[in-house]
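Given next are the chains, with one letter for each unit.
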Amino acid sequence: MRALRVAQGWSLEELATRARLSQSSLSRIENGQRRLALDQLVTLARALDTSLDQLVETATDDVVISPMIDGTQGWMRWPVKGDPGMTVMRQRLTEPPPDNPARMRAHPGREWLVVLSGTAALMLGHRRIRLEANQAAEFPTMMPHAIGAEGGPCEIMGIFDRDARRGHQPSGDGRT
């Protein structure tokens, strides 16, 4: 709780006012000398503009996330612990994207990716966008889209939500 308060730039007095609790009560709560009732947790979470989960989250030693590797597709995926519906994925692309929008995919959501090495070609409908190493793209995924390599292999890293993962099943040809 102290870390959340300090991150907001608030004094103990300011949080006490926002949460309608006494400073001494908040001090004891922050120091672990007092337990909270559920209604006080809700009040504090609202005052700190956070969720109950984040407010009661304990520190963990498990901060390193190992990737899940799909050797046949050349993918590495890392789940995002704070949002189980999201995954960060690294992928090596070797084939260009399809030029035909009928072979592209569309689905609800947004996609974000960055080119780690090489050059990628992003197809958004009939537009072809060239992305060099260290360039990123973000776009709504309801537009038919595909990404592939341009002029040789490239590596990309992207953030995918549940919808994007469903929409990007392996095609077996090095493209998504």
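Before reading on, note that the structure itself is shown above.
First, a word on what this report is: a plain description of the structure on this page. The numbering scheme is per chain: residues are counted from 1 as the chain's sequence reads. Local features are withheld for residues below a pLDDT of 70 in this predicted model, meaning they are given only at 70 or higher, and side-chain atom pairs are given and counted only at 80 or more; totals for whole chains, interfaces and linings count all residues. Side-chain numbers come from the whole structure's heavy atoms, not from hydrogens or water.

Next up on the list: the environment of leucine 12. The helix count covers DSSP runs of H or I at least four residues long, the strand count covers runs of E at least two residues long, and both are numbered beginning at the N terminus. Examined against the element boundaries, leucine 12 turns out to sit in helix 2 (residues 12-19). Residues are treated as being in contact if the distance between any of their heavy atoms lies within 4.5 Å. For leucine 12, the residues in contact, after removing those within four places along its chain, are Arg5, Gln23, Leu26, Ser27 and Glu30.

All right, on to the side chain of glutamate 30 then. Position of glutamate 30 relative to the elements: it lies in helix 3 (residues 23-30). Glutamate 30 gets classed as buried once you look at its relative accessible area, which sits at 14%. A 3.5 Å cut-off defines polar contacts: any pair of N or O atoms within that distance qualifies, except that in protein one atom must be a possible hydrogen donor and the other a possible acceptor, and neighbouring residues in sequence count only when both atoms are side-chain atoms. Among the polar contacts listed, one links the side chain of glutamate 30 to the side chain of arginine 2, at a separation of 3.3 Å. Once you skip the residues sitting within four places of it in the chain, glutamate 30 turns out to touch Met1, Arg2, Arg5 and Leu12. Throughout, exposure labels follow a simple rule: accessible area from a 1.4 Å probe, protein chains only, divided by the maximum for the residue type, with under 20% read as buried, over 50% as exposed, and the rest as partly exposed.

Here the focus is the packing of helix 2 against helix 4 (residues 38-47). Between N-to-C directions, angles span 0 to 180 degrees; the directions come from axes that are lines fitted to C-alpha atoms, helices contributing only their stretch in contact. In the contact formed by helix 2 and helix 4, the axes pass within 9 Å of each other and the chain directions differ by 120°. Helix 4 is crossed by helix 2, and the crossing has right-handed handedness. Counting all contacts with helix 2, which are made through Leu15, Arg18 and Ala19, the residues of helix 4 involved are Thr43, Leu44 and Ala47. Left-handed describes a crossing in which the near helix is turned anticlockwise from the far one by less than a right angle; the clockwise case is right-handed.

Now for the nonpolar core. Residues grouped as a nonpolar core are buried Ala, Val, Leu, Ile, Met, Phe, Trp, Tyr and Cys residues, joined through side-chain atoms within 4.5 Å. In terms of nonpolar packing, the biggest core is built from 14 residues, with Leu15, Ala19, Leu21, Leu26, Leu44, Leu48 and Leu55 touching the most fellow members. Among the nonpolar cores identified, the runner-up in size contains 13 residues, and Leu93, Leu122, Leu124 and Cys154 belong to it.

One non-glycine residue, arginine 20, adopts positive backbone phi at about 55°. Here arginine 20 shows up in the loop between helix 2 and helix 3. Overall, the relative accessible area of 78% leaves arginine 20 in the exposed class. Positive phi is not limited to glycine here, since asparagine 134 has a value of about 75°. By the secondary structure assignment, asparagine 134 is in the loop between strand 6 (127-132) and strand 7 (136-140). Under the relative-accessibility criterion, asparagine 134 is labelled exposed at 69%.

Take the side chain of histidine 145 next. Here histidine 145 lies in strand 8 (residues 145-149). Here histidine 107 takes part through its side chain, which lies 3.5 Å from a polar atom of the side chain of histidine 145. Polar contacts involving the side chain of histidine 145 include one to the main-chain carbonyl oxygen of methionine 143, which spans 2.9 Å.

Strand pairing is defined by DSSP finding a minimum of two bridges between the two strands. Spatial strand order, 6-5-8: three strands in an open sheet with antiparallel pairing. Each end of this open sheet is capped by a strand with a single partner; those strands are strand 6 and strand 8. Sheet twist, expressed as the average angle between the axes of neighbouring strands with direction ignored, equals 20°. Here strand 5 (residues 119-124) runs beside strand 6; their pairing, made up of six bridges, is antiparallel. In the strand pairing of strand 6, leucine 122 is matched with isoleucine 129.

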